[in-house]
Amino acid sequence: MDELMQQRRWQLALGAEQESTPLSASDKRLNDALTALYGDGSDSEKSRGGLGGSAPRIARWLGDIREYFPASVVQLVQRDAFERLGLRQMLLEPEFLQAMEADVHLVADLVSLGNMMPQKTMETARQVIRKVVDELMARLEQKTAEAIRGAVDRGKRTHRPRHSDIDWHRTIAANLRHYQPELATVVPEKLVGFSRKQRRLVDLDEVILCVDQSGSMATSVVYSSIFAAVMASIPAVKTRLVCFDTAVVDLTDELADPVQVLFGVQLGGGTDINQAVAYCAGKIERPAKTHLILITDLYEGGDADALKARVAELIRQDVNVITLLALSDDGRPSYDSQMAADFAAIGSPVFACTPDRFPELMATALKREDVLQWAADSGIATVRPAE
């Protein structure tokens, strides 16, 4: 990197323009956009440009940010703007909302503002949420379906498989003699695949996602709703979604539309985990076929001793209780370390999970394999019981 480029980068990083080395017009726009949020490096509050209360001005600012940075950086700058300049109220303006770079954090912000939105903003918010949800579904749906489709019997072969059950390695090997040089490919005469076994309703595993919807769990709620919608579409499992704070909301009937699910969530408020687990326990008919995925930071506002006793009883009944401290990409979550250690001592695996790992976790859980061993093999740190 030459000296001029280094100097340019330092000027942009520090936010100060020197007369001896003036910035180009393009760099000046970039500098102004960053200065509006982060200031120009001096100690004076007057040095901060600010974004004011004008939706059009903020929209232009966002446009400048998007021009100079990739989407991941734009999303980071947007979150800084919310925290440093208090722009959350501006999400109620449709013009501002349309200019935002949408991501899972923006969806969480919109969900938290759901009851405050005027009608003119609500439709725009739905469009933004739909866009993010569709992108996440496209990224996560296939992997999830493949990982947890328990209706495939891989011990039995068939020559009339469904497309999704074709064993391509065996099919190609069985048809190598049908290679077509002019097409440079194999034209299979015979398909080899896995045979599905018919599963009765009483044979199906049931997954209950019990999700803490307090403010700190916002992105976990978004991902949980999407995974619940994906799993609800898979015939091999029965899926229930329960969200809670100090009240319990069963959103299972809304799972056909994850956007509708998200608008049924009420982010914020206190936390009564015991009440939510009691509700889920009342819905369990076949404990040995049930997997309760409790997604919470374990900061209990209700009866902590009753909660631990209830979870211990579910595990004694052979319910597969797994506790996720977060289901998000946000890094190390904040959680009640003592309660987490107590849950681990009871016998519930406790750890945080990213969305990309969740399908593998569910596959491990549905096969009743050792979740703690899976976590260790995946490099995931788990909570240990207190000594």
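Above: the structure in question.
Reference entry: report on the structure contained in this document.

Basis of the calculations
Residues numbered from 1 in each chain as written. Predicted model: local features only at pLDDT ≥ 70, side-chain atom pairs only at ≥ 80, totals over all residues. Heavy atoms only, no water. Salt bridge = Lys/Arg side-chain N within 4 Å of Asp/Glu carboxyl O. Helix = DSSP H or I, 4+ residues; strand = E, 2+ residues; numbered from the N terminus. Buried < 20%, exposed > 50% of the residue type's maximum accessible area, 1.4 Å probe, protein only. Pairing = 2+ DSSP bridges. Axes fitted to C-alpha atoms, helices over the stretch in contact; angles between N-to-C directions. Contact = heavy atoms within 4.5 Å. Patch = residues over 30% accessible without salt bridge, like charges linked within 9 Å, V, L, I, M, F, W, Y side chains within 5 Å. Areas by Shrake-Rupley, 256 points an atom, 1.4 Å probe, with all protein chains shown as cover. Phe/Tyr/Trp six-rings, centres within 6.5 Å; stacked < 30°, edge-to-face > 60°. Parallel < 35°, antiparallel > 145°, perpendicular 65-115°, else oblique. Left-handed = near helix turned anticlockwise from the far one by under 90°. Nonpolar A, V, L, I, M, F, W, Y, C, P; charged D, E, K, R; others polar.

Moving on: the pattern of salt bridges. Throughout the structure, instances matching the rule amount to ten salt bridges. In this structure, the salt-bridge partner of K308 is D305, at a minimum N-O distance of 3.9 Å. In this pair, K308 and D305 both sit in helix α12 (residues 304–316), three residues apart, roughly one turn of the helix. You can call D305 exposed: its relative accessible area is 57%. Notably, a salt bridge pairs R368 with D318, separated by 3.6 Å at the nearest N-O pair. In this pair, R368 is assigned in the loop between α14 (358–366) and α15 (371–377) and D318 in the loop between α12 and β9 (320–327), connecting sequence segments 50 residues apart. The class for R368 is partly exposed, based on a relative accessible area of 34%. Bridged by salt links that share partners, the residues E206, R240 and D250 form one connected network.

This next bit is on the pairing of strand β5 (residues 205–212). Burial analysis of β5 places eight of its eight residues in the buried class, which makes it a mostly covered element. Alternating positions in β5 separate into two faces, D205, V207, L209 and V211 on one and E206, I208, C210 and D212 on the other, with burial throughout. Pairing of β5 with strand β6 (residues 237–244) involves eight bridges; the strand directions are parallel. Counted as the bridge partner of D212 is F244 from β6.

Right, let's talk about the sheet that holds β5 for a bit. Taken together, the six strands give an open sheet; going across it, the order is β7-β6-β5-β8-β9-β10, and neighbouring strands pair in mixed fashion. Sheet topology places β7 (248–250) and β10 (350–353) at the edges, where each strand pairs with a single neighbour. Sheet twist, expressed as the average angle between the axes of neighbouring strands with direction ignored, equals 25°. The strands touched by helix α9 (residues 218–232) are β5, β6, β8 (290–295) and β9; relative to β5, the strand with the most contacts, the crossing angle is about 160°.

Residues W168, I172 and L176 make up a contiguous nonpolar surface patch of roughly 320 Å² in combined accessible area. Its location among the elements puts W168 in helix α8 (residues 168–174).

Our focus in this paragraph is the packing of aromatic side chains. Enumeration over the complete set of coordinates arrives at two aromatic pairs. Aromatic side chains F227 and F358 sit 4.6 Å apart centroid to centroid with 45° between the ring planes, which places their arrangement in the tilted category. Taken together, the residues F227 in helix α9 and F358 in helix α14 connect sequence positions 131 residues apart. The exposure class assigned to F227 is buried, which follows from its relative accessible area of 0%. Taken together, a centroid distance of 6.2 Å and an interplanar angle of 50° make the contact between F351 and W374 tilted. Residue F351 is found in strand β10, and its partner W374 is found in helix α15; the two are separated by 23 residues along the sequence.

This brings us to the packing of helix α11 (residues 273–283) against α12. Relative orientation and spacing of two packed helices are given, respectively, by the angle between their axes and the distance between those axes. Orientation of α11 relative to α12, taken along the N-to-C sense of each, is 25°, at an axis distance of 9 Å. Looking at the two axes, α11 sits roughly parallel to α12. Our pair here, α11 against α12, has a crossing hand that is left-handed. The residues of α12 that touch α11, namely those facing I273, N274, V277, A278 and A281, are A306, L307, R310, V311 and L314. Among the residues making up the contact of α11 with α12, the classes are represented as eight nonpolar, one polar and one charged.

Read these as spatial facts, not as claims about activity.
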